[in-house]
Amino acid sequence: MSYMLTLQPCPPNHHTTLFRRARLTAFANGDPKIVGIPFVFLHFFSSAKRVELVNSIMLHHALEPTPGYANRMHARNTIRDLLEDGVYDDWYAVHDADVTISDFGKKQHGGSEALRERLFEVFIEGGMATLWKGFITRDNVDLCREYVGEQIAFFFDFMAFYTIWTVPAAAFGFVVFAYGAIRAVTADIQPAAAGEPQVSVGMARMAILFDNTATIIFALGMSIWATLFIEFWKRRQRYLAYVWDVSEYRRDEQVRPQWEPSRVTRNPYTRRIERSDPFPHRIIRRAGTGLVLVLCTCALLAIVAGLVGYKAWGKDDPKSGIAGWAVDWVGGGALEIAQVLIVQKIYFSIAGKINEVENFKYDSQFEDGLIFKTFLFNFVNNYAVFVWIGIIKAMLGRTYVFGKFPEKCNPIALGTTDDSSTSTNLSSSCIEEMTFQLAIIFVGLQFARMGQKVLIPALVQASRKAIKRFPIHIPFRHHTGASKTPSPTHEEMSSCASPPSTQLLTHVTVVGPVPVLHVDPTLASQYALDQELFSYDDWVLCEDFGMAVVQFGYIALFSCAFPLAPCFAILGNVVGMRVDSFKMLVEYRRPWAQRAQSIGLWTSALTTVSTISAPINALIIAFSSSTFSTFASTHFPTTNPLAASLAFVVIFEHLILLIKAGVAAMVPPTPGTVKRALRREAYLGRNREEEEEAMEDEEEEEWEVGDVKRHKGLERAWWKFCC
């Protein structure tokens, strides 16, 4: 419970300051006389911090301007420019252990010193109890941060925190589902009157299973749960940011090397000549990229409209029985899964290019722009169909898709609230359609994405095993790590007609203009093995975060139609964390470590989803729920149904928003332990400054006394010399 509420204590004696090489001995583990010179050189900075420093130096170090470039602003002299120009093939951080060895990940109790192997033992080989206990005690996320930095560590901690918080929602949903099952089994199903549309008794019981009195209570509870989760996650972020000392990261952020200024101006404050990107230029670029986003969103809505038309055609097609159900439900669900997965790849490639065009100055701005575009697409791509089914179609009643295929949505007549009898009068139940589609999409799409993550690594593993049977061909210009072997002779270099040799690093053949080495894979360097892996770029983490936010949206927005959604979310997250960790440690190159003080704009995306969950749940219940329709027709028979529905929407929405505002006000965003630690650190900082000022004053007084004594001594010496 202390983990969920972020009541954990801060580390004692946690005092930090900016690093100064001249004051190395004042830092913990920085005095060579105490810990030794080798320890200071190898362990003062963590592995991730060393990777981050190398990355920062390489990105921000510019060579001499390229000849022919008169304007230094456009000189292509950074590492990224050299990569684009083909001067270098690639650059990446190297893993600290070989995953292909036979005993990798099989050492017990953290026996390995390699962080990659220790993470593999915990995240993949370890049991469920060990994995989740490590997240609660912060051991796992600290280990992850030490290897890949704060940004990815925040992602894994968010997934663990979100999964643990989903447990009470899953328990609540299971209780609601059990209540619905009891109501469905004990309900007295009455046949519809003559001339009215008929439906099978099984379908009527299915409608009662997911549409009953508990549905409204569950929607209210899930809205409150979403608010509680977000507020306590904000506390968790503040806690981790303090413990990891990244609270002020964005204020100290460096300029992106990819940032291209458009002119040179004089800073009005410092009076220095600086490169800048004026506001009108930024507005023009934002307008252009915004227009592209609007066009992409319209194209996406057109695709969704085509999918809706297919479902309407399936209902209008004169099929019956299993064939009609398969065309409408199963076929539509399969098309939705394919649409989400395929269109997502196309849109992400476009979003990445227009995000580069916007020319952000800082990495945090670039990431926020990427997150905004990803969230906008995911929202439309995943939720548009459900908004159509649960709200728009239910409000319109009978409509014609493309002017040809009829679509109608009527609640099932459940009788009165005092009577358990139910009529089978059903033209088309929107909430039942939402239940089927949500089950197919939520479960099917979630595990389809997991399968996509697992299938590609499996194919890579199979190809790697196949490659092991043959020599690895590495370009001669790359270092192979076997410098002790003799260099190839001129005769060996010129023997192009001889067949390739499998001798280790002792025979070189020339195939075309590039000489090739034949290396035994068991003796290849780690960088050569990592070169065959995928690159862990910004999109990998962005897609993983996007999947988690989409899943949270399904739970917060539409779980009133499918109370078992939190249960499937827990199952998907448990499998997904294993898959994501395996992908990061085995199938991808080591990510460049990056600092972060939070999960960025994803917190705002979660807050947005939680806020709009109130009106969406209210609209779904008011216009699609058979329970509310029966209640309104029984207790307010003379009232206009539309007026009753709108009144319920206003009351229910404002009630949820009022409760959410109260919960947000009651939960402080910063934990009390962090507040006390910050006050203690500020107090010690003031004392340190006072002590330093006192020491400086004493030194000045000593210098003044010494000057007086030296002056008097000179006067005595002069008097003795003269007299």
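Notes on the overall build of the protein
- Helix and strand counts for the protein come out as 23 helices and nine strands.
- The buried share among the 723 residues of the protein stands at 46%.
- Look at the contacts in the protein between residues 6 or more apart in sequence, and 75% of them connect residues 24 or more apart.
- Within the structure as shown, the protein displays about 37,600 Å² of accessible surface, and the carbon and sulfur contribution to it stands at 63%.

Considering the packing of aromatic side chains
- A full pass over the atoms with the stated rule returns 42 aromatic pairs.
- A centroid spacing of 4.6 Å and a plane angle of 40° characterise the contact between Trp91 and Trp592, whose relative ring orientation is tilted. With a gap of 501 residues between them, Trp91 in the loop between helix H5 (79-84) and helix H6 (115-125) and Trp592 in the loop between helix H19 (565-587) and helix H20 (602-624) connect regions that are remote in the sequence.
- Of the residues examined, Trp91 reaches a relative accessible area of 18% and is grouped as buried.

Details of unusual backbone geometry
- A positive phi angle is found at Arg138, which is not glycine, with a value near 75°.
- The residue Arg138 is located in the loop between helix H7 (128-136) and helix H8 (139-148) in this model.
- Under the relative-accessibility criterion, Arg138 is labelled buried at 15%.

What about helix H21 (residues 626-635)?
- For H21, every residue scored as buried is listed here: Ser626, Thr627, Phe628, Thr630 and Ala632.
- The elements touched by buried residues of H21 are helix H11 (213-243), H20 and helix H22 (641-666).
- N-cap assignment for H21: the residue whose side-chain oxygen lies 3.3 Å from the backbone N of Thr627 is Ser625.

Quick notes on the packing of H11 against helix H18 (residues 538-558)
- One can describe the packing of H11 onto H18 by two numbers: an axis separation of 8 Å at closest approach and a directional angle of 145°. Residues Met222, Trp225, Ala226, Phe229 and Ile230 of H11 lie in contact with H18, whose contacting residues are Phe552, Ile555 and Ala556.
- The residue inventory of the contact of H11 with H18, partitioned by class, reads eight nonpolar, no polar and no charged.

Observations concerning the state of the cysteines
- What the rule picks out here adds up to zero disulfides.
- The thiol sulfur of Cys296 is not disulfide-bonded, and the nearest other cysteine sulfur, from Cys298, lies at 9.3 Å.

Let's talk about the side chain of Arg578
- With respect to the secondary-structure elements, Arg578 resides in helix H19.
- One buried charged residue, Arg578, forms no salt bridge at all, with the nearest opposite charge on Glu125 at 7.7 Å.
- Separated by 3.0 Å, the side chain of Arg578 and the backbone oxygen of Ile124 make a polar contact.
- Ignoring anything within four residues of it in the chain, the contact list for Arg578 reads Val122, Phe123, Ile124, Glu125, Gly126, Gly127, Met128 and Leu131.

Some thoughts on the confidence of the model for the protein
- Here the protein shows a mean pLDDT of 76. Residues at 70 or above account for 73%.
- Considering each helix and strand of the protein separately, the mean pLDDT is smallest for strand S8 (residues 508-511), with a value of 37, and largest for helix H9 (residues 150-186), with 93.
- Confidence drops under a pLDDT of 50 for residues 69-73, and excluding neighbours within four residues, the segment shows nine contacts in the predicted structure.
- Confidence drops under pLDDT 50 across residues 472-519; counting only partners more than four residues distant or on other chains, this segment forms 67 contacts.

Focus: the environment of Met222
- Within the fold, Met222 resides in helix H11.
- The exposure class of Met222 is buried, given its relative accessible area of 1%.
- Separated by 49 residues in sequence, Met222 and Gly173 have C-alpha atoms that sit 9.1 Å apart.
- Excluding anything up to four places from it in sequence, Met222 contacts Ala169, Ile555, Ser559 and Pro566.

Observations regarding the pairing of strand S3 (residues 273-276)
- Of the strand pairs in this sheet, strand S2 (residues 263-266) and S3 are connected by four bridges, and their pairing is antiparallel. Residue pairing for S3: Arg263 is matched across the bridge by Ser276.
- Linkage of S2 to S3, two consecutive antiparallel strands, is achieved through a turn of six residues, within which Arg271 is found at a positive phi near 60°.

Details of the pattern of salt bridges
- Under the criterion given, the structure shown has twelve salt bridges.
- Here Asp90 makes a salt bridge to Arg589, at a shortest N to O gap of 2.6 Å. Of this pair, Asp90 sits in the loop between H5 and H6 while Arg589 sits in the loop between H19 and H20; the two residues are 499 residues apart in sequence, bridging distant segments of the chain.
- What makes Asp90 partly exposed here is its relative accessible area of 36%.
- A single salt-bridge network, built from bridges that share partners, covers Lys49, Glu52 and Arg595.

Quick word on the nonpolar core
- Counting residues in hydrophobic clusters, the biggest one holds 141 residues, and the most contacted among them are Phe158, Phe552, Tyr554 and Phe558.
- In this view, Tyr554 contacts Asn382, Tyr383, Phe386, Leu438, Ile441, Phe442, Leu445 and Ser559; residues no more than four positions away in its chain are not counted.

Parameters and conventions
- Residues numbered from 1 in each chain as written.
- Predicted model: local features only at pLDDT ≥ 70, side-chain atom pairs only at ≥ 80, totals over all residues.
- Heavy atoms only, no water.
- Helix = DSSP H or I, 4+ residues; strand = E, 2+ residues; numbered from the N terminus.
- Buried < 20%, exposed > 50% of the residue type's maximum accessible area, 1.4 Å probe, protein only.
- Contact = heavy atoms within 4.5 Å.
- Areas by Shrake-Rupley, 256 points an atom, 1.4 Å probe, with all protein chains shown as cover.
- Phe/Tyr/Trp six-rings, centres within 6.5 Å; stacked < 30°, edge-to-face > 60°.
- Polar contact = N/O pair within 3.5 Å; in protein donor to acceptor, adjacent residues only side chain to side chain.
- Axes fitted to C-alpha atoms, helices over the stretch in contact; angles between N-to-C directions.
- Nonpolar A, V, L, I, M, F, W, Y, C, P; charged D, E, K, R; others polar.
- Disulfide = S-S within 2.5 Å.
- Lys, Arg positive; Asp, Glu negative; His and termini not counted.
- Salt bridge = Lys/Arg side-chain N within 4 Å of Asp/Glu carboxyl O.
- pLDDT = per-residue confidence, 0-100.
- Pairing = 2+ DSSP bridges.
- Core = buried A, V, L, I, M, F, W, Y, C linked by side-chain atoms within 4.5 Å.

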